[in-house]
Amino acid sequence: MSVDCIIFGFDNSQLKVLIGRRKMDPGRGEWSLYGGFVATSESIDECASRTLFELTGLRNLYMRQVGAFGQVDRDPGERVVSVAYYALINVTDYDEKLLLERGLEWVDINALPKLYSDHNRMVGKALKLMRQKLRTEPVGFRLLPALFTLTQLQRLYEAVNGEELDKRNFRKRIKEMDFIEKTELIDKTGSKRGAYLYRFNRRTYNEDPNFKL
């Protein structure tokens, strides 16, 4: 029994996945997700949390189970059943030194190469589940920094859903959500005029979680 982890990040208006080259047989050198075998002393959730920490150096990440993958011939080495999980992280929280240590890369979801075994199918199912979750829960804020512009927020939704959104309608809908707060801070990295920064208020959301986008 093993787990495989799909780590989603958002950077430069792109939804990205963390992958690396396999360092073991079978499939040595092939692009792959990062995973590990479940120890006799841990549950599959505990194994996934441990694996995610080893991969990111971060704890208490947003993590959801994707499902079990158990085709008889899915691993050419031996009979392995894998339970896949996806996690969402803010790329700016990630220690880039781990990329070098683990030999990992952030790859645009739309440019994902052929991955080892059934890992492409895992990513596809994880993306589908995340899209469904994004419509009913504000999980996308886990991919953004604490302060963000409305343009960043819109581009995140566009990247995850793979389609452009009407700017006027999107902003109208966002302004109806009390848990997205406008601050007095201005981001001037994109223009001299700048854009107001917003933040997610979890307390307000928990008081009225009737969210749908």
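All of the points below concern the structure found in this document. (Residues numbered from 1 in each chain as written. Predicted model: local features only at pLDDT ≥ 70, side-chain atom pairs only at ≥ 80, totals over all residues. Heavy atoms only, no water.)

**A look at the nonpolar core**
Core analysis: the largest hydrophobic core is formed by 43 residues, its most contacted members being Ile6, Phe8, Leu15, Val17, Tyr86, Leu153 and Ile180. Put simply, the parts of the chain that give this core at least two residues each are strand S1 (2-11), strand S2 (14-21), strand S5 (62-69), strand S6 (82-88), helix H3 (119-136), helix H4 (150-161), helix H5 (167-175) and strand S9 (195-200). Excluding residues that lie within four positions of it along the chain, Ile6 makes contacts with Val17, Leu33, Val66, Ala84, Tyr85, Tyr86, Ala87, Met122, Val123 and Ala126. Membership of the second largest hydrophobic core comes to 20 residues, among which are Tyr34, Cys47, Leu55 and Met63. (Core = buried A, V, L, I, M, F, W, Y, C linked by side-chain atoms within 4.5 Å. Buried < 20%, exposed > 50% of the residue type's maximum accessible area, 1.4 Å probe, protein only. Helix = DSSP H or I, 4+ residues; strand = E, 2+ residues; numbered from the N terminus. Contact = heavy atoms within 4.5 Å.)

**Comments concerning the side chain of Thr149**
As for its position among the elements, Thr149 is in the loop between H3 and H4. Apart from residues lying up to four places away in sequence, Thr149 is in contact with Asp187, Ala195, Tyr196 and Leu197.

**As for H3**
Relative to the 26 Å expected for 18 residues at 1.5 Å per residue, H3 spans 26 Å between its end C-alpha atoms, a close match to the ideal helical length. Looking at the buried positions of H3, the neighbouring elements they touch are S1, S2, strand S3 (31-32), S5, S6 and H4. (Expected span 1.5 Å × (residues − 1).)

**Some details on the packing of aromatic side chains**
One pass over the full model with this rule turns up nine aromatic pairs. Plain terms: the ring middles of Phe179 and Phe200 are 5.7 Å apart, the flat faces sit at 85° to each other, and that makes the pair edge-to-face. Placement of the pair is Phe179 in the loop between H5 and strand S8 (180-187) and Phe200 in strand S9, with a sequence separation of 21 residues. Residue Phe179 is classed as buried on the basis of its relative accessible area, which comes to 6%. On the basis of relative accessible area, Phe200 is assigned to the buried category, the value being 19%. On the basis of an interplanar angle of 50° and a centroid distance of 6.0 Å, the ring pair of Phe200 and Tyr205 is categorised as tilted. When sorted by exposure, Phe200 lands in the same class as Tyr205, which is buried. (Phe/Tyr/Trp six-rings, centres within 6.5 Å; stacked < 30°, edge-to-face > 60°.)

**Quick word on unusual backbone geometry**
Pro26 follows Asp25 through a cis peptide bond whose omega is -5°. With respect to the helices and strands, the residue Pro26 is situated in the loop between S2 and S3. For Asn60, which is not glycine, the phi dihedral falls at a positive 55°. Secondary-structure assignment places Asn60 in the loop between helix H1 (44-56) and S5. Positive phi outside glycine occurs at Ser117, with the angle close to 50°.

**With respect to the state of the cysteines**
Among covalent bonds in proteins, the disulfide is the one between the sulfur atoms of two cysteines. The full count for this structure, using the stated rule, is zero disulfides. Here Cys5 stays unpaired: no disulfide links it, and the sulfur of Cys47, its closest cysteine neighbor, is 7.5 Å away. (Disulfide = S-S within 2.5 Å.)

**Overview of the pattern of salt bridges**
Scanning the entire structure with this criterion turns up eight salt bridges. Across the pair Asp25 and Arg28 runs a salt bridge whose closest N-O atoms are separated by 3.4 Å. The residues Asp25 and Arg28 share a single accessibility class, namely exposed. Close ionic contact of Arg173 with Glu176 constitutes a salt bridge, the shortest N to O distance being 3.3 Å. Several salt bridges converge on common partners, so that one network encompasses Glu42, Arg50 and Glu54. (Salt bridge = Lys/Arg side-chain N within 4 Å of Asp/Glu carboxyl O.)

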